Amino acid sequence: MKLRWSRTLALLPALALALGVTTAPAAAARPSPATTPAGDASPDPSRMAVSSGWNNYSCKPSAAHPRPVILVHGTFGNSVDNWLGLAPYLVARGYCVFSLDYGQLPGVPLFHGLGPVDASARQLASYVDRVLAATGASKTDLVGHSQGGMMPRVYLKFHGGAKKVNALVGLAPDNHGTDLDGLTRLLDRFPGAKDHLEGLTPGLTDQIVGSDVLNRLNEGGDTVPGVHYTVIATKYDEVVTPYRSGFLDGPDVHNVLLQDLCPVDLSEHLAIGLADRLAFHETANALDPAHATPTTCLSG
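Position labels on residues start from 1 in each chain and follow its written sequence. In keeping with the predicted nature of the model, local features appear solely for residues at pLDDT of at least 70, side-chain atom pairs appear and are counted solely at 80 or more, and the whole-chain, interface and lining totals rest on all residues. Only heavy atoms go into the side-chain values, all of them from the structure, while hydrogens and water stay out.

Even after reading the chapter, I still don't get the sheet that holds strand S6 (residues 253-257), so can you show me in this structure?
Sheet strands pair via backbone hydrogen bonds, and the direction of the pair is either parallel or antiparallel. If you walk across this open sheet you meet the 6 strands as S2-S1-S3-S4-S5-S6, and the pairing is parallel. Strands with a single pairing partner mark the edges of an open sheet, and in this sheet they are strand S2 (97-100) and S6. Geometrically, the sheet is characterised by an average inter-axis angle of 15° between neighbouring strands, direction not taken into account. Here, strands pair whenever DSSP counts at least two bridges between them. Numbered from the N terminus, helices here are DSSP runs of H or I no shorter than four residues, and strands are runs of E no shorter than two. Across 4 bridges, the pairing between strand S1 (residues 69-72) and S2 is parallel. Of the residues in S2, the one forming a bridge with Val72 is Leu100. The strands touched by helix H3 (residues 117-135) are S1, S2 and strand S3 (140-145); relative to S2, the strand with the most contacts, the crossing angle is about 150°. Fitted lines through C-alpha atoms give the axes, limited to the stretch in contact for helices. The angle between two N-to-C directions lies from 0 to 180 degrees. Contact definition: two residues touch when any of their heavy atoms are within 4.5 Å.

Printed below as a string of structure tokens:
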């Protein structure tokens with residue numbers, strides 16, 4: 001029994017890291033987060049040190065871009081580090097851009113998205129309401145990486161989000177869960193391992209193929225009426241496996257594989273959310289389809 005538990009404990013950190021590492025926070029250079037704990041979006045001047053222009057609560061959407069964009073980080077991510085590439089990219093194109101922290105665990109700084117997915121969706125619901133109130137807009141657009149592309153679907157389906165969201169763009173989302181190339185099946189070989197992991201970080205086990213959350217989310221169809229869906233995936237994704245499990249079925253869905261646009265794009269799960277300019281260009285196309293331009297290897 002002691003040997004079995006030692007193997008379990010050795011497995012858990014590897015599984016946790018594989019399930020959700022989406023950023024590598026650099027604490028020394030990291031700007032202060034722009035949201036308060038538990039997803040509270042109340043402006044806090046002392047913490048709004050993001051110099052590249054997002055989380056500016058005085059921003060008013062323009063006629064060209066009439067909806068604020070809310071960025072939803074992935075597991076182990078946060079409201080700043082996950083978006084050091086995409087947020088400035090969208091701000092430079094005239095969008096009012098916001099980001100939140102969600103899924104915090106007590107005593108765990110910087111690394112978020114670890115709490116239960118349904119509770120995180122409720123945090124997102126509260127944040128959307130605050131952003132809409134601040135900007136005066138009637139709807140928002142959501143862009144999420146990894147869990148941040150899947151979790152908003154829980155908000156849309158179960159927490160009233162469909163009336164407040166125009167579009168959801170998912171960058172390597174785990175819409176139908178992940179098996180981590182079979183790694184998650186190892187949990188069944190160690191009695192109590194899955195329960196132990198769920199007790200520590202329920203946001204991880206909620207993302208495993210066949211979880212109760214995912215079964216409930218995808219029952220009856222992948223989409224809800226009135227929302228435009230875009231999924232941007234990479235065939236080199238080592239976290240969401242198989243990568244096509246991120247794709248959605250249903251009306252008003254646009255599934256994109258980066259390598260269909262540029263065969264030499266080598267981005268994997270991390271890079272697609274942090275630095276891939278083709279993914280950023282496709283995101284901009286999804287947010288403003290009337291002015292979309294072809295995405296090629298030279299897009300940026």
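Looking at this structure, how should I read the nonpolar core?
The tendency in soluble globular proteins is for nonpolar side chains to be buried as a group. Counting residues in hydrophobic clusters, the biggest one holds 35 residues, and the most contacted among them are Ile70, Leu124, Leu142, Tyr155 and Leu156. Counting residues per element, the ones that place at least two in this core are S1, S2, H3, helix H4 (147-158), strand S4 (165-171), helix H7 (212-218) and strand S5 (228-233). Considering every element that reaches this core, the biggest residue donor is H3, with 8 residues. Only buried residues count toward a nonpolar core, which is a set of Ala, Val, Leu, Ile, Met, Phe, Trp, Tyr and Cys residues joined through side-chain atoms within 4.5 Å. Burial classes: relative accessible area under 20% of the type maximum marks a residue as buried, over 50% as exposed, and values in between as partly exposed (1.4 Å probe, protein chains only). Of all hydrophobic cores here, the second largest spans 26 residues; its members include Trp54, Val256, Leu258 and Cys262.

I keep staring at the environment of Gly177 and nothing clicks. Help me out?
Of note, Gly177 is situated in the loop between S4 and helix H5 (193-200). With a relative accessible area of 0%, Gly177 lands in the buried category. The spatial distance from the C-alpha of Gly177 to the C-alpha of Met150 is 8.9 Å, given a sequence separation of 27 residues. Not counting the four nearest positions on each side in its chain, Gly177 is found in contact with Gln207, Ile208, Val209, Leu214, Thr241 and Ser245.

Looking at this structure, I do not really get the state of the cysteines. What am I missing?
Joining two cysteines, a disulfide is a covalent bond between their sulfur atoms. When two cysteine sulfur atoms are found within 2.5 Å, that pair is recorded as a disulfide. Within the structure shown, the criterion is met by 2 disulfides. Between the sulfur of Cys59 and that of Cys96 lies a disulfide, 1.9 Å long from S to S. Linking Cys59 and Cys96, the disulfide has an S-S dihedral of approximately -80° and is accordingly described as left-handed. Separated by 37 residues along the polypeptide, Cys59 in the loop between helix H1 (2-20) and S1 and Cys96 in the loop between helix H2 (86-91) and S2 bring together distant segments of the chain.

Even after reading the chapter, I still don't get H3, so can you show me in this structure?
Because the α-helix completes a turn every 3.6 residues, residues three or four places apart line up on one side. Every helix has an expected span of 1.5 Å times one less than the residues it contains. The end-to-end C-alpha distance of H3 is 27 Å, a good match for the 27 Å that 19 residues give at a rise of 1.5 Å each. Taken together, the buried positions of H3 are occupied by Val117, Asp118, Ser120, Ala121, Gln123, Leu124, Ala125, Tyr127, Val128, Val131, Leu132 and Thr135. Residue Gly136 follows H3 closely and has a positive phi angle near 80°.

Teacher, can you tell me more about the pattern of salt bridges here?
Pairing between side chains becomes possible if they bear opposite charge and their charged atoms approach one another. What makes a salt bridge here is a side-chain nitrogen of Lys or Arg within 4 Å of a carboxyl oxygen of Asp or Glu, nothing more. Across all of its chains, the model carries 4 salt bridges by this definition. Ionic pairing is found between Asp118 and Arg216, a salt bridge with its closest N-O pair at 3.5 Å. One end of the pair, Asp118, is in helix H3; the other, Arg216, is in helix H7, with 98 residues separating them in the sequence. The salt bridge involving Lys164 is made with Asp129; its shortest N-O contact spans 2.8 Å. Linking Lys164 in the loop between H4 and S4 with Asp129 in helix H3, this pair joins segments that are 35 residues apart in sequence. The class for Lys164 is partly exposed, based on a relative accessible area of 27%. Taken together, the salt bridges that share partners define one network made up of Asp118, Arg122 and Arg216.

What is the right way to look at the pairing of S3 in this model?
The side chains of a regular strand alternate, residue by residue, between the two faces of the sheet. Within S3, 6 of the 6 residues are buried, which leaves it mostly tucked inside the rest of the structure. What you see with S3 is no split at all: Thr140, Leu142 and Gly144 on one side and Asp141, Val143 and His145 on the other are buried throughout. Of the strand pairs in this sheet, S1 and S3 are connected by 4 bridges, and their pairing is parallel. Residue pairing in the sheet places Leu71 in a bridge with Val143 of S3. Pairing of S3 with S4, which is carried by 6 bridges, proceeds in the parallel orientation. For Gly144, the partnering residue across the bridge sits in S4 and is Gly170. If the strands point away from the viewer and the path from the first strand over the helix to the second runs clockwise, then the crossover is right-handed. Considered for its hand, the β-α-β crossover made up of S3, H4 and S4 is right-handed.

What is the right way to read unusual backbone geometry from this model?
Note: most peptide bonds trans; most residues except glycine with negative phi. Residue Pro242 is bonded to the preceding Thr241 through a cis peptide linkage, with omega at -10°. One can find Pro242 in the loop between S5 and S6.

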